Amino acid sequence: MSETQAHYYVPHHSHYSALLSAGVFLLALGFILRLNGMPPGVWSMLTGFGVMLFVLFRWFGMVISESVGDLYHRWEDRSFRWGMAWFIFSEVMFFAAFFGALYYLRVIAAPELASFDPAYTPYPNFTGAWPSSGPKGDPFTPMAAWGIPAINTLILLSSGVTVTWAHWGLLKGRRAQLVAGLAMTVALGLLFLGLQAYEYHEAYTELGLTLKAGAYGATFFMLTGFHGFHVTLGTIMLIVILLRSMKGHFSAENHFGFEAVAWYWHFVDVVWLLLFVFVYWL
Amino acid sequence: MSHDTPHDALPTGMKRWLYTTNHKDIGTMYLVFALIMLLTGGAMILAVRAELFQPGLQLMQPDLFNQLITLHGLVMVFGAAMPAATGLANWMLPMMLGAPDMALPRLNNWSFWILPPAALLLVTPFILGLAGVGTGAVDTGWTMYAPLSIQTGWGMDFAIFSVHMLGASSILASINVIVTILNMRAPGMTLMKMPMFAWGFLMTATLLIIIMPVLAGGVTMVLMDRHFGTHFFNAAGGGDPVLWEHIFWFMGHPEVYVLLLPIAGAIPHVLSAFARKPIYGYKAQVYSLWAITFLSVVVWAHHMFTSGMSVGGQLYFMYSTMLISLPLAVLFFCWIATLWRGAMSFEAPMLFALGFVTLFGWGGLTGLVLADAAADAQYHNAYFLVAHFHYALYPTTVMGVMAAVYFWLPKWTGHMYNERLAKVHFWVAFVGMNLTFLPQFFVGLAGMPRRIPDYALQFAEFNMLSSVGSLILGVSHLIFIYVVIQCVRGGAKAESRAWEGANGLEWTLSSPPPYHSFDVQPVVR
């Protein structure tokens, strides 16, 4: 595996993992306390979140300085690529759980609930038609596909183009093209998030479409919400990569950080296409 | 080939363990953590068996009983069984593959250090509950079925976040294992020349990356239903509690193979070493592992035959489940053929390996009974089921791990362990295990339901036997701890090749091995 490289870089020790775990613990504990009617839990959450931010900042900083310090070569690079690919696969499976729930509730549960003998069911008038907030749910208007969601689809698809254009710039050694491409991608990401926020506002104030709106509301907000969260993370990652590109951290041969973020961004893009088809359109 | 001096300025004391990126240190921490969890989960179930010693409520009220059986399941599966296997992988994979360390050493450190806070989160409400604060730990059974998990007390919230953290830990550890296997093998070691253990763990890690994110999504839905008004599992809003069962068992069934496959990978090494013969049918075993991995993710709903599934669904899940017995039978055949006409000797690792092969066989065959949808309607949720999956899990996750631990202990510590005591450990565990679980098949067939703190008078004798057996089983682990401590502190020096029949790169390293296993990779022909 290491035809050209005799030594693999093994870091001596890592200061941050135990601290990161402590942060995660405080965040989770505080959230649980807060959910169970103990407002001071918020302080534990904030502390935990602060610790996590600090650690992530320092940890990634450490990795970046090792990368710039030329400690990583092709052998390590291959590990990082495999690692990122499998991480994205785990994210695919996370979204699969929610798409699976949508499929199950819409295709199996709703028709079955509607198929019971009217004399023996508490919900004799339930038809099982989708979109549905269930037999006892509040009325709502579903989100139309060909308004903001269609625009958002165009935005994300364009952002996939701009990040690829930036990659071409990187491969050809044109830093201006790299930076411009990344900046456009970040802008498109932010625009997407803004429109998504507007859409949520409209859903809550105009359409009666809330988390509480039965099976449709739950799957709609969990799918689009987790996607939006991933877009947020992806945008933050793109901003970091943009700043690093401006500093000249990447070369045509050595730019794993850029590619990892680009892969992640394409993954978020693909999830959105599925969302657009299965949540908004069909 | 490798230098023995650790890097300068290596932290010592507590900091060494907190900061370490060394696969051996992390492997040790995983194994010690698993042992602590084994004792914790064991103590919980001993209290349950004490309650079940006689009919009637003797020691505890049903709510405490429910918490204990739930925590026992979660602690044993996520706290003991999986970390034990990951500990073995951490120790052995770099040495077996000829690598300096795991591929992502810092990530390795973090995936371990998520575990202790996760375990703490799981048991915190239990301890608080004993002190009279809150509603106690999660009490739904480890399957956390909705709508009970939506309605129960705050222990469920702790369990949800604990599951999130445990899941993150195993996903990260799995990524590390896969990357190590794909990228860190010695030059010349093709995938089909890899040790069986690496194959077993490669399949396990793949499964974990497929299933753990789905469980994370599922418990998130439970959390949303509990606190944020969604209706994933509530029919009034168009949801369905059976959805939870699908999500849970999509994780829960492959989880069984997550626990089996590392052991199915390790056992051939042990059998081959003590039969002094090469592993029989290497390719057949590898292909069987692939088949098991694939089948395990498409059979989950055989846990749900009684949930009101269509007949077509029942037939599909019944036959696909039975199909798994084919690749498993290939594995059994290869294990036995490895022993065939071998010059066998019966040291402790061999005893535990043989215990695994025989007892796990019983677990597998009784599984075929339960896989039959018509029979399952009768046995489901009876003690027959409890006996079945303990015959499947105890031989794998405890006996299999013990076989591996005794096999590699001389390599890890540099000392031979006390063989006589280790054999005593095996026989006490073997007798205790069978005495605990064999009677449960019979009370189950006679109709005793599981997860109930009280039972009808006619089950009294067999339950008494079962409780005595569990105590014997508990004592066997104390012998184990004594043997390990004795071995760590001293004993006869172990050779590099501690067992004369053992093969593989790990036996070319000194015992104990150098700090960085292979600083320069060996070349495999």
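Residues numbered from 1 in each chain as written. Chains lettered and ligands numbered in written order. Predicted model: local features only at pLDDT ≥ 70, side-chain atom pairs only at ≥ 80, totals over all residues. Heavy atoms only, no water.

The helix and strand inventory of chain B stands at 17 helices and zero strands. Computed over C-alpha atoms, the radius of gyration of chain B comes to 23 Å, within 12% of the 24 Å expected from 2.2 N^0.38 for 525 residues, which places it in the range of a compact globule. Across its three principal directions, the C-alpha atoms of chain B cover 65 × 50 × 45 Å. Evaluated residue by residue, chain B yields a buried proportion of 66% over its 525 residues. Long-range contacts, defined here as pairs at least 24 residues apart, represent 83% of the contacts in chain B between residues at least 6 apart. Approximately 17800 Å² of chain B is accessible, and the part contributed by carbon and sulfur atoms is 70%. (Helix = DSSP H or I, 4+ residues; strand = E, 2+ residues; numbered from the N terminus. Rg over C-alpha atoms; globule rule 2.2 N^0.38 Å. Buried < 20%, exposed > 50% of the residue type's maximum accessible area, 1.4 Å probe, protein only. Contact = heavy atoms within 4.5 Å. Areas by Shrake-Rupley, 256 points an atom, 1.4 Å probe, with all protein chains shown as cover.)

So, about the interface of chain A and chain B. Residue-level contacts link 64 residues of chain A with 66 residues of chain B. Across the chain A to chain B interface the summed buried area is about 5700 Å²; carbon plus sulfur atoms make up 74%. If you look at where chain A meets chain B, you find one salt bridge. Ionic pairing is found between Arg106 of chain B and Glu66 of chain A, a salt bridge with its closest N-O pair at 2.3 Å. Between chain A and chain B we count 15 residue pairs in polar contact (both at pLDDT 80 or more) in total. (Buried area = accessible area lost by both parts, 1.4 Å probe. Salt bridge = Lys/Arg side-chain N within 4 Å of Asp/Glu carboxyl O. Polar contact = N/O pair within 3.5 Å; in protein donor to acceptor, adjacent residues only side chain to side chain.)

This brings us to the environment of Asn381 of chain B. All names here are of chain B. Inspection of the secondary structure assignment puts Asn381 in the loop between α14 (373-379) and α15 (383-413). Relative accessible area serves as the criterion here: at 36%, Asn381 is assigned to the partly exposed category. Taking the C-alpha atoms as reference points, Asn381 and Met448, 67 residues apart in sequence, are found 8.8 Å from one another. Within the local environment of Asn381, its side chain forms a polar contact with the side chain of Arg450, the two groups lying 2.7 Å apart.

To continue, consider the pattern of salt bridges. Within this structure, the stated rule accounts for six salt bridges over all chains. Residues joined in a network through salt bridges with shared partners are Asp77, Arg81 and Glu259 of chain A.

Residues and elements named next belong to chain A. When the domains of chain A are assigned, the result is domain 1 (14-71) and domain 2 (73-281). Distance from the C-alpha centre of domain 1 to the C-alpha centre of domain 2: 25 Å. Taken together, the contact pairs five residues of domain 1 with four residues of domain 2. Both sides together, the interface formed by domain 1 and domain 2 hides about 410 Å², and carbon and sulfur atoms give 51% of it. When residues of domain 1 are sorted by the area they lose upon contact with domain 2, Ile64, Asp70 and Leu71 head the list and together hold 69% of the total. Our count for the contact surface shared by domain 1 and domain 2 stands at zero salt bridges. Connecting domain 1 to domain 2 are one residue pair in polar contact (both at pLDDT 80 or more). Classifying every residue of the side of domain 1 that touches domain 2 gives three nonpolar, one polar and one charged. (Domains from an automatic or database assignment. Nonpolar A, V, L, I, M, F, W, Y, C, P; charged D, E, K, R; others polar.)

For the rest of this paragraph, the subject is unusual backbone geometry. Glycine aside, residues mostly have negative phi, and peptide bonds are mostly found in the trans state. In the segment running from Trp130 of chain A into Pro131 of chain A, the intervening peptide bond is cis, with an omega of 0°. Along the chain, Pro131 of chain A falls in the loop between α3 (74-114) and α4 (148-171). Look at the link from Ala146 of chain B to Pro147 of chain B: it is a cis peptide, with omega at 5°. Here Pro147 of chain B shows up in the loop between α5 (115-130) and α6 (148-151). Its identity is not glycine, yet Arg341 of chain B carries a phi of approximately 60°, on the positive side. Among the secondary structure elements, Arg341 of chain B is positioned in the loop between α12 (325-339) and α13 (348-371). According to the relative accessible area criterion, Arg341 of chain B is exposed, its value standing at 77%. One non-glycine residue, Asn381 of chain B, adopts positive backbone phi at about 65°.

Below, the discussion takes up the side chain of Glu76 of chain A. Residues and elements named next belong to chain A. The residue Glu76 is located in helix α3 in this model. Only 2.7 Å separates the side chain of Glu76 from the backbone nitrogen of Tyr9, close enough to count as a polar contact. Excluding anything up to four places from it in sequence, Glu76 contacts Gln5, His7, Tyr8, Tyr9 and Leu71.

Residue and element names in this part refer to chain B. Contact geometry of helix α9 (residues 241-275) with helix α10 (residues 282-296) gives a least axis separation of 10 Å together with a crossing angle of 170°. In terms of orientation, α9 and α10 fall into the roughly antiparallel class. Facing His253, Pro254, Tyr257, Leu261, Ala264 and Pro268 of α9, the residues of α10 in contact are Gln285, Leu289, Ile292, Thr293 and Ser296. Along the lines of polarity and charge, the residues of the contact of α9 with α10 split into seven nonpolar, four polar and no charged. (Axes fitted to C-alpha atoms, helices over the stretch in contact; angles between N-to-C directions. Parallel < 35°, antiparallel > 145°, perpendicular 65-115°, else oblique.)

This paragraph deals with the packing of aromatic side chains. Residues and elements named next belong to chain B. The tally for this structure, following the rule as stated, stands at 68 aromatic pairs over all chains. Ring geometry for Phe407 and Trp408: centres 5.5 Å apart, planes at 50°, overall tilted. Judged on exposure class, the residue Phe407 and its partner Trp408 are both buried. Taking 6.2 Å as the distance between ring centres and 50° as the angle between the ring planes, the aromatic pair formed by Tyr417 and Trp499 counts as tilted. A residue pair is termed long-range when its members are at least 10 positions apart, and Tyr417 in the loop between α15 and α16 (419-445) and Trp499 in the segment after α17 (460-489) qualify at 82 residues. We note that Tyr417, like Trp499, is buried. The side chain of Arg16 reaches across the aromatic face of Trp17, ending 4.5 Å from its centre. (Phe/Tyr/Trp six-rings, centres within 6.5 Å; stacked < 30°, edge-to-face > 60°. Lys NZ or Arg CZ within 6 Å of the ring centre and 35° of its normal.)

Right, let's talk about the nonpolar core for a bit. Ranked by internal contacts, the top residues of the largest apolar core, which has 281 residues, are Leu209 and Phe258 of chain A together with Phe78, Phe197, Trp408 and Trp412 of chain B. Two domains each put at least three residues into this core: domain 1 (14-71) and domain 2 (73-281) of chain A. Non-local contacts of Phe78 of chain B, meaning those with residues more than four positions away in its chain, are made with Pro83, Trp142, Leu166, Met212, Leu215, Met251 and Glu255 of chain B. (Core = buried A, V, L, I, M, F, W, Y, C linked by side-chain atoms within 4.5 Å.)

Here α4 of chain A contains 24 residues, and its C-alpha end-to-end distance of 35 Å stays within 8% of the 34 Å for a straight helix at 1.5 Å per residue. Where α4 of chain A terminates, the next one or two residues include Gly173 of chain A, which has phi positive at roughly 75°. (Expected span 1.5 Å × (residues − 1).)

The next subject is the packing of helix α3 (residues 62-97) of chain B against helix α7 (residues 155-183) of chain B. Residues and elements named next belong to chain B. Across the interface, α3 lies against α7 with an axial gap of 11 Å and an inter-helix angle of 20°. Relative to α7, the element α3 lies roughly parallel. Every pair of crossing elements has a handedness; the one defined by α3 and α7 is left-handed. Together, Phe78, Met82, Thr86, Ala89, Leu93 and Leu97 of α3 and Leu166, Ser170, Ala173, Val177, Thr180 and Ile181 of α7 make up the contact between the two elements. Among the residues making up the contact of α3 with α7, the classes are represented as nine nonpolar, three polar and no charged. (Left-handed = near helix turned anticlockwise from the far one by under 90°.)

What follows concerns the environment of Ile292 of chain B. All names here are of chain B. Relative to the elements of secondary structure, Ile292 occurs in helix α10. With 35 residues separating them in the primary sequence, Ile292 and Tyr257 have C-alpha atoms 7.8 Å apart. When sequence neighbours within four positions are dropped, the list of residues in contact with Ile292 reads Tyr257, Leu261, Pro327, Leu328 and Leu331.

Checked against the element boundaries, His246 of chain B lands in helix α9. Setting aside residues up to four positions removed in sequence, His246 of chain B forms contacts with Tyr104 of chain A together with Trp300, Ala301 and Met304 of chain B.

Residues and elements named next belong to chain A. Look at helix α2 (residues 41-68): 40 Å from first C-alpha to last across 28 residues, which is about the 40 Å you get at 1.5 Å a residue. For α2, the complete set of buried residues consists of Gly41, Ser44, Gly48, Met52, Val55, Trp59, Met62 and Glu66. Looking one or two residues beyond α2, the residue adopting positive phi is Asp70, at roughly 65°.

A word on the confidence of the model for chain B. For chain B, the average pLDDT comes to 94, and 98% of its residues sit at 70 or higher. Confidence drops under a pLDDT of 50 for residues 1-7 of chain B, and excluding neighbours within four residues, the segment shows 14 contacts in the predicted structure. (pLDDT = per-residue confidence, 0-100.)

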